[in-house]
Amino acid sequence: MSPDPLRMAIVAAARRWIGTPYRHQAARRGVGCDCLGLVAGVWADVYGAMPDYDRSYSADWAESAGAGEPLLGACKARCSAVFVGDEQAGDLLVFRWSPHVAAKHLAIMAGPAMMIHARERHAVCETALTGWWQRRLAAVFAFPFHGDFSAAR
């Protein structure tokens, strides 16, 4: 079976963002982005236009899940869920730091046990999806093929 051209395009676009510095609420390749800005930027690279999304989200990774799950909810509303363990290159990975905090981090699956993401104090990088990350994996979604991220975080 040959690789899916769209999945290959998503991963190739994400790799072009490697080295972009972390900047909260930014989405500009080579200048700065956060994890949501990376996903929005990859969307623009693949589909030709930046999606609309709310950039007024907090940088607090330890927000209580009692305040809601805007990132997880936006992904559920706009993307097709994938069973954890069935993720493929090009899928969105959604993470939470601990069981009682809201999901606040996104990555793009790059290949077997590898992901591309932006996180505070680090430039966009391709890194191993280690056990540490796997234990924090809240959900997996097929990269959004329609819609926007207007309520993503």
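Our subject is the structure listed above.
Residues numbered from 1 in each chain as written. Predicted model: local features only at pLDDT ≥ 70, side-chain atom pairs only at ≥ 80, totals over all residues. Heavy atoms only, no water.

A. The pairing of strand 4 (residues 92-95), seen in detail. Across the two faces of strand 4 the burial is the same, with Leu-92 and Val-94 and Leu-93 and Phe-95 all buried. In this structure, strand 4 lies alongside strand 5 (residues 105-111), joined through four bridges in antiparallel fashion. Looking across to strand 5, one finds that Leu-93 is bridged to Ala-107. Sheet topology note: the strand 4/strand 8 (residues 137-141) ladder contains four bridges and is antiparallel. (Buried < 20%, exposed > 50% of the residue type's maximum accessible area, 1.4 Å probe, protein only. Helix = DSSP H or I, 4+ residues; strand = E, 2+ residues; numbered from the N terminus. Pairing = 2+ DSSP bridges.)

B. Local environment of helix 1 (residues 5-16). For helix 1, built from twelve residues, the straight-helix expectation of 16 Å at 1.5 Å per residue is met to within 8% by its first-to-last C-alpha distance of 17 Å. Taken residue by residue, helix 1 has Arg-7, Ile-10, Val-11, Ala-13 and Ala-14 as its buried positions. Along the axis of helix 1, the buried residues cluster in a sector spanning 160 degrees; they form a single face. N-cap assignment for helix 1: the residue whose side-chain oxygen lies 2.7 Å from the backbone N of Leu-6 is Asp-4. (Expected span 1.5 Å × (residues − 1). Arc of directions from axis to C-beta. Polar contact = N/O pair within 3.5 Å; in protein donor to acceptor, adjacent residues only side chain to side chain.)

C. Highlighting the sheet that holds strand 3 (residues 81-82). Strand order across the open sheet formed by six strands is 3-8-4-5-6-7, with antiparallel pairing between neighbours. In the strand order of this sheet, the two ends are held by strand 3 and strand 7 (122-128), each with one partner. Bridge count between strand 5 and strand 6 (residues 114-119): three bridges; the pairing is antiparallel. What sits directly across from Met-109, in strand 6, is Met-115. Contacting strand 4, strand 5 and strand 8, helix 3 (residues 70-78) runs over the sheet at an angle of about 25 degrees to strand 8. (Contact = heavy atoms within 4.5 Å. Axes fitted to C-alpha atoms, helices over the stretch in contact; angles between N-to-C directions.)

D. Looking closely at the pairing of strand 8. Most of strand 8 is tucked away: four of the five residues are buried. Of the pairings in the sheet, the one linking strand 3 to strand 8 comprises two bridges and is antiparallel in character. Residue Ala-81 lies in a different strand from strand 8, and its bridge partner there is Phe-141.

E. Local environment of the packing of helix 1 against helix 2 (residues 35-47). One can describe the packing of helix 1 onto helix 2 by two numbers: an axis separation of 9 Å at closest approach and a directional angle of 125 degrees. One way to sum up the angle between helix 1 and helix 2 is to call them oblique. Between helix 1 and helix 2 the crossing geometry is right-handed. In this structure, helix 1 uses Leu-6, Ala-9, Ile-10, Ala-13, Ala-14 and Arg-16 to contact helix 2, whose residues at the interface are Val-42, Asp-45, Val-46 and Tyr-47. Within the contact of helix 1 with helix 2, the residues separate by chemical class into eight nonpolar, no polar and two charged. (Parallel < 35°, antiparallel > 145°, perpendicular 65-115°, else oblique. Left-handed = near helix turned anticlockwise from the far one by under 90°. Nonpolar A, V, L, I, M, F, W, Y, C, P; charged D, E, K, R; others polar.)

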